[in-house]
Amino acid sequence: MREISKKLIHLSLDEEGRVVDEKVREVLESLRANPPREHKLLLHLYLDHVKRELSKGVAIVEFAGKPDDEAIESLKQELSRQYGRSIEVELRENPDLLVGIRVKVGDDVYEDSAATRLRPLARALS
Amino acid sequence: MSNITELIKKEIESLSTDATRTNVGRITTLADGVARVDGLSKVMFNEMVEFPDNVFGIALNLEEDSVGCVILGDASRLKEGDEVQTTGRLLSVPVGMGLLGRVVDAIGRPIDEKGPIDSSENYPVERIAPGIIPRQSVDQPLQTGIMAIDSMIPIGRGQRELIIGDRSTGKTTIAIDTIINQAKINKLGEESGDPDFRPVYSIYVAVGQKNSNIARTIKALENNGAMDYVTVVAAPAADNPANQYLAPYAGCAMGEWFLRNGRDALIVYDDLSKHAVAYRQISLILKRPSGREAYPGDVFYLHSRLLERSARLNKDSGNGSLTALPIIETQMGDVAGYIPTNVISITDGQIFLETDLFNKGIRPAVSVGLSVSRVGSAAQIKAYKKVSGKVKLQLAQFRELAAFSQFESDLDAATKAQLGRGARIVEMFKQGVYSPVPVSVQTGVMWAMENNFFDTIDVSRITAAVESLKEYFTGSGKEVVQKIHEEGNLTESIEEDLRRSVEDWKRSFA
């Protein structure tokens, strides 16, 4: 089942490795027309893969104190260069950071915030 | 107060100004102390991962789209969806002299309410065992203080000697006696001021035991003044299986510090049967394929990689040693079980304890036929080797002839003498708990046995006679024992002194 779901995700990507809505729709239609055994489980696995692929192309930028547009644009360019694919930026305010920024691309997290720096101190005092 | 401000200042100084990069994932399932995590694509095998609320875990299963992590500590506050992040560190424990006299848990945190551990160094719990080049063969004795063992199954520094037997046959007692004996030798050595004296420090790892048993062991060590030279690593039955799985490796890392710093250490794994069971539990929850008796395929490697870390290093590598006394509990005396045979094949010999002997009052209940030490005899001191050389053979002959002993009236004098000698040796080896005997005293007693001084004493009085002779050697006969200790050999003059002393004792005993 995992192997099939992996093949489905390959069918959903374009040449640059991005998930394309149209291709996902085609995969779903094809599955609906010829429902496989354990259709629901396969769809769940497919969903997990799609989510994972989508998260690779999006940088979730959390901040406490909004960065200016220029900084965001430069961040976008730097991340796209580093990961070798176009990265979209999604901004979210997070007051828990106190001061600073946290960027999440896929499983990778880059963080420079007061909250991270205070964490070892809190651990040492606990 | 000033300590706290200093601590905060230190932390502020150590704060880096660079952004941190970590790899994260999310808990998808959580059960029995094991979390399955989605993400963590860059996690390393055996890397420590951080869960919320200062809970740590270890990444043990790196699969294609998920990671299986065992949780160290309280998993009750964690929930599905919680973020997990890599730390870039392998699990390490504090090591060094500061651990002596302390009781710690499987990851080296103190649990004896004696404050923080005074240690500036950490060693990873998993480490590759020393290779061929830095090793040296075993040539220094590690005396247990138990006559039956030191004479017939001698142990050397750097050896791995398995203690195996059913429940309640005295396995832990042998290990504790050995630790107490090391402490006694250490104290005497330190008092003597001998610059060449090499103390043996001990680590006792309790895996899957009842808390009351661990407390009793610690009490016994304290009462016998041994705790100053001992570190206890406790992963009791109430601990999660991850801690029980890790405890032997953590204890081994603490022992390795002595090994790598040119010192001698002894480590007791009590016991590896429960360790294997804890590992089986983790493996089954991690959905690893199970094999014989539902143990995972790498259960042999589990113990071989642990026990291979015990070694004697050569002079170029610091001359340190780590001796291991793993303990295995058998079921109904079955030494052919899966885990017992694995550990027997890994170790350099075994001390097999028999329930029947224990119930007959022969304690320690060492089965001479099934026990063996493959390398230890090279480490015996000359004096002791001289007097104990024939004992194993005499006992073997005794056992063979014992079947005929019921027809004693029909036996010839030589056979009767062999039977008598065997019965007296069996009585001589009976020894109380927590009362190890110095090897020089053992040599004196064995010499008396080999030179027929006990032959005229009735078998039923041999134990009392041996006790009396031991007392004599620590009192008015201590000069000759001291000479044996200093010379390490039975010279003609020492033998003459020994004869005079034993004759003197025998007059008073009679």
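Presented here is a report on the structure given in the accompanying data block. Residue indices follow the written sequence of each chain, beginning from 1 at its first position. For this description, chains carry letters from A and ligands carry numbers from 1, given in the order in which they are written. This being a predicted model, a pLDDT of at least 70 is required before a residue's local features are given, and a value of 80 or more before pairs of side-chain atoms are given or counted; all residues contribute to the totals for chains, interfaces and linings. Excluded from the side-chain calculation are hydrogens and water; included are all heavy atoms of the structure.

## Describing the nonpolar core
All names here are of chain B.
Alright, step 1. The set of buried Ala, Val, Leu, Ile, Met, Phe, Trp, Tyr and Cys residues whose side-chain atoms join them within 4.5 Å is what this entry labels a nonpolar core. To sort residues, take the accessible area from a 1.4 Å probe on protein chains only and compare it with the maximum for the residue type: under 20% means buried, over 50% means exposed, and anything in between is partly exposed. Core analysis: the largest hydrophobic core is formed by 140 residues, its most contacted members being Phe-429, Phe-454 and Phe-473.
Alright, step 2. Among the elements that line this core, the one with the most residues is helix H5 (residues 241–260), at twelve residues.
Alright, step 3. Note on contacts: a residue pair qualifies if any of its non-hydrogen atoms lie within 4.5 Å across the two residues. Setting aside its immediate chain neighbours within four residues, Phe-454 contacts Arg-424, Val-445, Ala-448, Met-449, Ile-462, Ala-465, Val-466, Leu-469 and Trp-505.
Alright, step 4. Judged by nonpolar contacts, the second largest core, of 14 residues, contains Leu-40, Phe-51, Val-67 and Leu-78. Going along the chain from the N terminus, every DSSP run of H or I of four or more residues is numbered as a helix, and every run of E of two or more is numbered as a strand.

## Things to note about the packing of helix H14 (residues 462–474) of chain B against helix H16 (residues 492–509) of chain B
All names here are of chain B.
Alright, step 1. Fitted lines through C-alpha atoms give the axes, limited to the stretch in contact for helices. The angle between two N-to-C directions lies from 0 to 180 degrees. Direction vectors running N to C along H14 and H16 enclose 125 degrees, while the axes themselves pass 10 Å from each other. Between H14 and H16, the angle is such that the two are oblique. Classified by chirality, the crossing of H16 by H14 is right-handed. Each of Ala-464, Ala-465, Ser-468, Leu-469, Tyr-472 and Phe-473 in H14 lies in contact with H16, whose residues at this interface are Leu-498, Ser-501, Val-502, Asp-504, Trp-505 and Phe-509.
Alright, step 2. Considering only residue class, the contact of H14 with H16 consists of nine nonpolar, two polar and one charged. Our angle categories are set so that under 35 degrees counts as roughly parallel, over 145 as roughly antiparallel, 65 to 115 as roughly perpendicular, and the remainder as oblique. A clockwise turn of the near helix away from the far one marks a right-handed crossing, whereas an anticlockwise turn of less than a right angle marks a left-handed crossing. Charged means Asp, Glu, Lys or Arg here, nonpolar means Ala, Val, Leu, Ile, Met, Phe, Trp, Tyr, Cys or Pro, and polar covers whatever is left, Gly included.

## Thoughts on unusual backbone geometry
Residue and element names in this part refer to chain B.
Alright, step 1. Note the cis peptide between Asp-270 and Asp-271, where omega equals 0 degrees.
Alright, step 2. Topologically, Asp-271 is positioned in the loop between strand E13 (264–270) and helix H6 (272–285).
Alright, step 3. For the peptide bond that leads from Arg-363 to Pro-364, omega is 0 degrees, which places it in the cis range.
Alright, step 4. Tracing the chain through its elements places Pro-364 in the loop between helix H9 (355–359) and strand E16 (372–373).
Alright, step 5. Despite not being glycine, Glu-113 has its phi angle at roughly 55 degrees, a positive value.
Alright, step 6. In this structure, Glu-113 sits in the loop between strand E8 (103–104) and strand E9 (121–124).
Alright, step 7. On the basis of relative accessibility, which here comes to 82%, the residue Glu-113 falls in the exposed class.
Alright, step 8. At Lys-287, a residue that is not glycine, the phi angle is positive and equals roughly 65 degrees.

## Observations concerning the sheet that holds E13 of chain B
Residue and element names in this part refer to chain B.
Alright, step 1. By this definition, two strands are paired if DSSP reports at least two bridges between them. Within the open sheet, the eight strands sit side by side as E8-E12-E11-E13-E14-E10-E15-E16. Their pairing is mixed. Strands at the two margins of the open sheet, each flanked by one partner only, are E8 and E16.
Alright, step 2. Sheet analysis places strand E11 (residues 200–207) next to E13, joined by seven bridges and oriented parallel. Across the sheet, the residue bridging to Val-200 is Asp-264, located in E13.
Alright, step 3. Contacts from H6 reach E11, E13 and strand E14 (321–329) within the one sheet, and its direction differs from that of E14 by about 75 degrees.

## Some thoughts on the pattern of salt bridges
Alright, step 1. Salt bridge, as used here: a side-chain nitrogen of Lys or Arg that lies within 4 Å of a carboxyl oxygen of Asp or Glu. In the structure shown here, the tally under the stated rule is 35 salt bridges over all chains.
Alright, step 2. The shortest N-O distance in the salt bridge between Arg-421 of chain B and Asp-455 of chain B comes to 3.4 Å. Taken together, the positions of Arg-421 of chain B in helix H12 (residues 413–428) and Asp-455 of chain B in the loop between helix H13 (439–450) and H14 put the pair 34 residues apart, joining distant regions of the chain.
Alright, step 3. By relative accessible area, Arg-421 of chain B is classed as buried at 11%.
Alright, step 4. Here Asp-455 of chain B falls in the partly exposed class, since its relative accessible area comes to 35%.
Alright, step 5. Here the residues in one salt-bridge network are Glu-62, Arg-102 and Glu-111 of chain A together with Arg-26 and Glu-83 of chain B, joined through shared partners.

## A few points about a nonpolar patch on the surface
Residues and elements named next belong to chain A.
Alright, step 1. Residues Met-1, Ile-4 and Leu-41 make up a contiguous nonpolar surface patch of about 230 Å² in total accessible area.
Alright, step 2. Mapped onto the elements, Leu-41 comes out in helix H3 (residues 39–56).
Alright, step 3. Leu-41 sits in the partly exposed class, given a relative accessible area of 39%. Like-charged residues within 9 Å of one another, or nonpolar side chains (Val, Leu, Ile, Met, Phe, Trp, Tyr) within 5 Å, are grouped into patches, provided each residue has over 30% relative accessible area and no salt bridge. Here, Shrake-Rupley sampling with a 1.4 Å probe gives the accessible areas, and only protein chains in the shown set may cover a residue.

## Side note on H16 of chain B
All names here are of chain B.
Alright, step 1. With 18 residues, H16 ought to run about 26 Å at 1.5 Å a step, and its terminal C-alpha atoms sit 25 Å apart, in line with that.
Alright, step 2. Burial in H16 covers these residues: Ile-494, Asp-497, Leu-498, Ser-501, Val-502, Trp-505, Lys-506 and Phe-509.
Alright, step 3. Where H16 is buried, its residues meet H13, H14 and helix H15 (478–487). One fewer than the residue count of a helix, multiplied by 1.5 Å, yields its expected span.

## Concerning the pairing of strand E1 (residues 58–64) of chain A
Residues and elements named next belong to chain A.
Alright, step 1. The buried count for E1 comes to six of seven residues, which makes it a mostly enclosed element.
Alright, step 2. Bridge count for E1 against strand E2 (residues 88–93) is six bridges, and the pairing is parallel. Residue Val-61 lies in a different strand from E2, and its bridge partner there is Leu-91.
Alright, step 3. Clockwise travel from the first strand over the helix to the second, with the strands pointing away from the viewer, marks a crossover as right-handed. In this view, the connection linking E1 to its parallel neighbour E2 by way of helix H4 (residues 69–83) has right-handed handedness.

## Quick notes on the pairing of strand E4 (residues 108–113) of chain A
Successive side chains on a regular strand alternate, one facing one side of the sheet and the next facing the other.
Alright, step 1. Counting buried positions along E4 of chain A yields five of six residues, so the element is predominantly enclosed.
Alright, step 2. Pairing between strand E3 (residues 100–105) of chain A and E4 of chain A: six bridges, direction antiparallel. Bridged to Lys-104 of chain A within E4 of chain A is Val-109 of chain A.
Alright, step 3. Once E3 of chain A ends, the chain turns through two residues before running back antiparallel as E4 of chain A, passing Gly-106 of chain A with a positive phi of about 60 degrees.
Alright, step 4. Summarising the sheet, E4 of chain A and strand E1 (residues 20–31) of chain B pair through four bridges and their orientation is antiparallel. Bridging from a neighbouring strand, Tyr-110 of chain A pairs with Arg-21 of chain B of E1 of chain B.

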